[in-house]
Amino acid sequence: MPSRSAAGVRTGVRVVVAGDRGTGKSSLISAAASDAFPEYVPAVLPPTRLPSDFYPDGVPVTIVDTSSSMESRIKLIDELKRADAVVLTYACDQPMTLSRLSSFWLPELRKLEIKAPVIVVGCKLDLRDERQPMNLEQVMAPIMQQFREIETCIECSSATLIQVPDVFYYAQKAVLHPTAPLFDQEKQTLKPRCIRALKRIFMLCDHDMDGALSDAELNEFQVKCFNAPLQPAEIVGVKRVVQERIRGGVSDLGLTLEGFLFLHALFIEKGRLETTWAVLRKFGYNDELKLRDDILPVPTKHAPDQTVELTNEAIDFLRGIFRLYDSDNDGSLQPSEFDDIFVTAPESKTLEALTIYFYCFNLLIFVFFPWTVDPYVDAAERTPQGNLTINGFLSEWALMTTLDPSYCLANLICIGYGGDPTSALRVTRRRSVDRKKKQTEKNVFHCFVFGPKKSGKSALLNSFIGRTFSSNYTPTNDVRYVANAVEQIGGSQKTLILQEIPEDGVKKLLSNKECLAACDVAVFLYDSSDEYSWKRSRELLLDVARRGEESGYGVPCLLIAAKDDLDPFPMSLQNSARVTQQLGMEAPIPVGVKLRDSKSVFSRIVSAAEHPHLSIPETEKGKKRKRYRRLVNSSLMFVSVGAAVAVVGLAAYRAYAARKNT
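Heads up: these notes are all about the structure in this document. (Residues numbered from 1 in each chain as written. Predicted model: local features only at pLDDT ≥ 70, side-chain atom pairs only at ≥ 80, totals over all residues. Heavy atoms only, no water.)

### Let's talk about the side chain of K457
Argument step 1. Relative to the elements of secondary structure, K457 occurs in helix α17 (residues 457–464).
Argument step 2. Here K457 sits buried without a salt bridge, and the closest side chain of opposite charge, E500, lies 4.5 Å off (N-O distance).
Argument step 3. For K457, the side chain forms a polar contact with the main-chain oxygen of G451, separated by 2.9 Å.
Argument step 4. Among all residues touching K457, those that are not within four sequence positions of it are V449, F450, G451, P452, E500, I501 and L525. (Helix = DSSP H or I, 4+ residues; strand = E, 2+ residues; numbered from the N terminus. Buried < 20%, exposed > 50% of the residue type's maximum accessible area, 1.4 Å probe, protein only. Lys, Arg positive; Asp, Glu negative; His and termini not counted. Salt bridge = Lys/Arg side-chain N within 4 Å of Asp/Glu carboxyl O. Polar contact = N/O pair within 3.5 Å; in protein donor to acceptor, adjacent residues only side chain to side chain. Contact = heavy atoms within 4.5 Å.)

Structure (structure tokens):
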């Protein structure tokens, strides 16, 4: 039975009790369930359920007893892997069983890669030799230092019922309100992801954006999270505690961000994790401190040739964000201004891995934001000083929406998008429908850039985002993206995403039958001064055309004669013109990136994408296949018409015969 509802809410907690034989596992479970010491306990109890009203959180607990015998090892391992929390027991009257925790049980859990929190429980407290008192905190401190997965240590007695209910309360609490995602026990600080989440919550509650929560805002926050207002004396008390403990935690305007973070660190240190978790969950976070799926209603694509775009409402919001954080009004975002926008943003999978790496190895922790790693790094237009322009800002968002709509929506929400999340993204019409209608409603076009090595692909992409030409050749080994706005005739503006396909990666790309589904237009570059470059580009063009015909996802294609400033090889113009004419494409477009005359080519690319029914190359095989289909359709039409005539004739004859007989 699943322990979570469809919305990710816990519907049950599964606690597995393990430990050496004779440490009191079964007696502990029986005493917790019946509130009485059992006279007889079987070797292993069946699963025991504590009802939802047993503890204040209202979540039922299922307790699973286990045997430590070798014969039951496979079952024990299976139960441990399914556990939400693990209770490890030792006997207070048998010191050896305590030593076994660090020598066997805890290393064994790590070996099995059990990620569940661990509660260490000393049973049979009533049998401990009073002549040998033990300080639990002193004994367990080095063990907890070595094994951070230990959440709590507690001693109890099933015979006298001392702290028996508390054992499974702490186990449930460790699952419902875990410490690990929030707090670093070793460094005694909030973890980076927790800080980002709390910063976002603070910013959402700071309605007047003055950098502090006023008494009214603090009270509204309290009502939202806990359904109960704060009394004036309580607000004064909260601010006094913060003021006494942290400088700058309270200003004349109210509770500052530093004070807000301090309060939550204090709650966690005092064991009141449920308070911080209640706040986080109210604002949409799951147990991994990521926004829940029900908070991110990403529209579903029903066909491979559909894409996801930002709506005008979301774009208007982003324009407002850009103006808000462009504090010096220079039309660009400096690194510090950019960082301020994304201080609450979630990390991508790549950033998450890097953050964990730096964090685990205790290295300098960099603050990672979107677009600081591939494929977003250096993918948009910037000023000579390296600042992000408004076009670059919106283009990066368009690229992120195309590649990872869920990550885009999470970032939108985290930086303060207050509208209905369903109004931020839209799914485009199928490209196959656009071809039939001979028009498209898309605002963002995805272009594949093919070509042999040294044909000028990277130079074309660099020129698109305003970079100066460099004669140094650096081969591109991985897929690279750039994006920018393109002004069209009539004043309309479209966003164009160029995806550079390395020559070595073409075969792998085309092995996927749906590889061209998301592509709106493809361009093929060749070095007009190099005969081999032209021949290789023609081969790539034919390969892509065949894949388009076979898959049904044919795309408009353009041929670009790059390095137009160099002397062309003989017959280049004639050969390329002949090939494009045979394939039903436009004539090759000459481009000299070195001479900075490439701007018009991007308008040509967008124009080809806006007319999805034109410039789709047809091979001889494709033409024959089309003629064959037409012939079959004509034959079927002829047969259908003939059959219809025969039916009508037969009906007329029968009518005539009937009248004659009458």
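After that view of the structure, there is still more to cover.
### Remarks on the nonpolar core
Argument step 1. Among the nonpolar cores identified, the biggest contains 74 residues, and I201, F393, W397 and L412 are the most heavily contacted of them.
Argument step 2. For this core, the element with the highest residue contribution is helix α9 (residues 257–269), accounting for eight residues.
Argument step 3. In this structure, F393 is in contact with L318, I321, F322, L333, I341, W371 and L388, ignoring residues within four places of it in sequence.
Argument step 4. In this structure, A31, I119, C156 and V164 belong to the second largest nonpolar core, which totals 27 residues. (Core = buried A, V, L, I, M, F, W, Y, C linked by side-chain atoms within 4.5 Å.)

### Focus on the sheet that holds strand β18 (residues 493–500)
Argument step 1. The strand order across the open sheet formed by six strands is β17-β18-β16-β19-β20-β21, and the pairing between neighbours is mixed. Whereas interior strands pair on both sides, the edge strands pair on one side only; in this sheet they are β17 (480–487) and β21 (589–590).
Argument step 2. Here β17 pairs with β18 via eight bridges, running antiparallel. Bridging across to β18, E487 finds its partner in Q493.
Argument step 3. Docked against the sheet, α17 engages β16 (444–450), β17, β18, β19 (521–527) and β20 (557–562), running at close to 45 degrees with respect to β17. (Pairing = 2+ DSSP bridges. Axes fitted to C-alpha atoms, helices over the stretch in contact; angles between N-to-C directions.)

### Brief notes about helix α11 (residues 312–325)
Argument step 1. An ideal rise of 1.5 Å per residue puts 20 Å on 14 residues; α11 measures up with 20 Å between its terminal C-alpha atoms.
Argument step 2. Within α11, burial applies to A314, F317, L318, I321, F322 and Y325. Buried residues in α11, looked at end-on, bunch into an arc of 140 degrees, giving them a common side. Along α11, exposed side chains directed more than 90 degrees from the buried face belong to N312, D316 and R323. (Expected span 1.5 Å × (residues − 1). Arc of directions from axis to C-beta.)

### Let's talk about the sheet that holds strand β6 (residues 150–155)
Working definition: the strands of a sheet are paired by backbone hydrogen bonds and lie parallel or antiparallel to each other.
Argument step 1. The strand order β2-β3-β1-β4-β5-β6 describes an open sheet built from six strands, whose pairing is mixed. Each end of this open sheet is capped by a strand with a single partner; those strands are β2 (48–50) and β6. Taken over all neighbouring pairs, the strand axes of this sheet differ in orientation by 25 degrees on average, direction set aside.
Argument step 2. Here six bridges tie strand β4 (residues 85–91) to strand β5 (residues 118–123), and the two strands are oriented parallel to one another. Along β5, the bridge assignment pairs V86 with V118.
Argument step 3. The sheet strands contacting helix α1 (residues 25–34) are β1 (13–19), β2, β3 (61–65), β4 and β5, and the helix crosses β3 at an angle near 155 degrees.

### Thoughts on the pairing of β1
Argument step 1. For β1, the tally of buried residues reaches seven of seven residues, placing the bulk of the element in the interior.
Argument step 2. Burial along β1 is two-sided: the residues V13, V15, V17 and G19 and R14, V16 and A18 are all buried.
Argument step 3. One ladder, built from five bridges, connects β1 with β3; its direction is parallel. Note that in β3 the partner of V17 across the bridge is D65.
Argument step 4. Across five bridges, the pairing between β1 and β4 is parallel. Of the residues in β4, the one forming a bridge with G19 is T89.

### Section: the pattern of salt bridges
Argument step 1. Taken as a whole and judged by the stated rule, the model has 27 salt bridges.
Argument step 2. Here R426 makes a salt bridge to E309, at a shortest N to O gap of 3.0 Å. A residue pair is termed long-range when its members are at least 10 positions apart, and R426 in strand β15 (residues 425–427) and E309 in strand β12 (residues 308–310) qualify at 117 residues.
Argument step 3. Under the relative-accessibility criterion, R426 is labelled partly exposed at 25%.

### Notes on the side chain of N462
Argument step 1. Note on placement: N462 falls in helix α17.
Argument step 2. One polar contact links N462 to R480, side chain to side chain, over a distance of 2.6 Å.
Argument step 3. Those residues in contact with N462 that sit more than four places away from it in its chain are R467 and R480.

### Section: the environment of G12
Argument step 1. Along the chain, G12 turns up in the segment before β1.
Argument step 2. Residues G12 and T62, spaced 50 residues apart in sequence, show a C-alpha to C-alpha distance of 7.4 Å.

### Remarks on the state of the cysteines
Argument step 1. Under the definition given, this model contains zero disulfides.
Argument step 2. Among the cysteines around C92, which has no disulfide bond, C123 carries the closest sulfur, lying 7.2 Å off.
Argument step 3. Here C557 is not cross-linked by a disulfide; its sulfur's nearest cysteine counterpart is in C519, at 7.4 Å. (Disulfide = S-S within 2.5 Å.)

### Some words on the packing of aromatic side chains
Geometry of an aromatic ring pair is reported as the spacing of the ring centres plus the angle between the planes.
Argument step 1. Tallying each qualifying case throughout the model produces 19 aromatic pairs.
Argument step 2. Grouped by ring-pair contacts, the aromatic residues F322, F338, F342, W371, F393 and W397 constitute a single cluster.
Argument step 3. The positively charged end of K224 is found above the aromatic ring belonging to F283, 5.1 Å away from the centroid. (Phe/Tyr/Trp six-rings, centres within 6.5 Å; stacked < 30°, edge-to-face > 60°. Lys NZ or Arg CZ within 6 Å of the ring centre and 35° of its normal.)

### Here we look at the pairing of β16
Argument step 1. Among the seven residues of β16, seven are classified as buried, and the element is accordingly described as predominantly covered.
Argument step 2. Burial along β16 is two-sided: the residues V444, H446, F448 and F450 and F445, C447 and V449 are all buried.
Argument step 3. Two elements, β16 and β18, share six bridges in a ladder whose sense is parallel. Residue F445 lies in a different strand from β18, and its bridge partner there is L496.
Argument step 4. Summarising the sheet, β16 and β19 pair through four bridges and their orientation is parallel. Its bridge partner lying in β19, V449 is registered against V523.

### Observations concerning helix α6 (residues 192–205)
Argument step 1. Across its 14 residues, α6 extends 20 Å between first and last C-alpha, which sits within 8% of the 20 Å expected from 1.5 Å per residue.
Argument step 2. When α6 is considered as a whole, its buried residues turn out to be R193, C194, R196, A197, L198, R200, I201, F202 and C205.

### A closer look at the environment of K81
Argument step 1. Turning to its location among the elements, K81 is positioned in helix α2 (residues 73–81).
Argument step 2. Spatially, the C-alpha atom of K81 lies 9.3 Å from that of L109, the residues being 28 residues apart in sequence.
Argument step 3. Within the local environment of K81, its side chain forms a polar contact with the backbone oxygen of L112, the two atoms lying 3.1 Å apart.

### Description of the packing of helix α7 (residues 215–226) against helix α10 (residues 273–282)
Argument step 1. Their axes nearest at 9 Å, the elements α7 and α10 cross at an angle of 90 degrees. In this view, α7 runs roughly perpendicular relative to α10, as classed from their interaxial angle. On α10, the residues that touch F221, K224, C225 and F226 of α7 are T275, A278, V279 and K282.
Argument step 2. Within the contact of α7 with α10, the residues separate by chemical class into five nonpolar, one polar and two charged. (Parallel < 35°, antiparallel > 145°, perpendicular 65-115°, else oblique. Nonpolar A, V, L, I, M, F, W, Y, C, P; charged D, E, K, R; others polar.)

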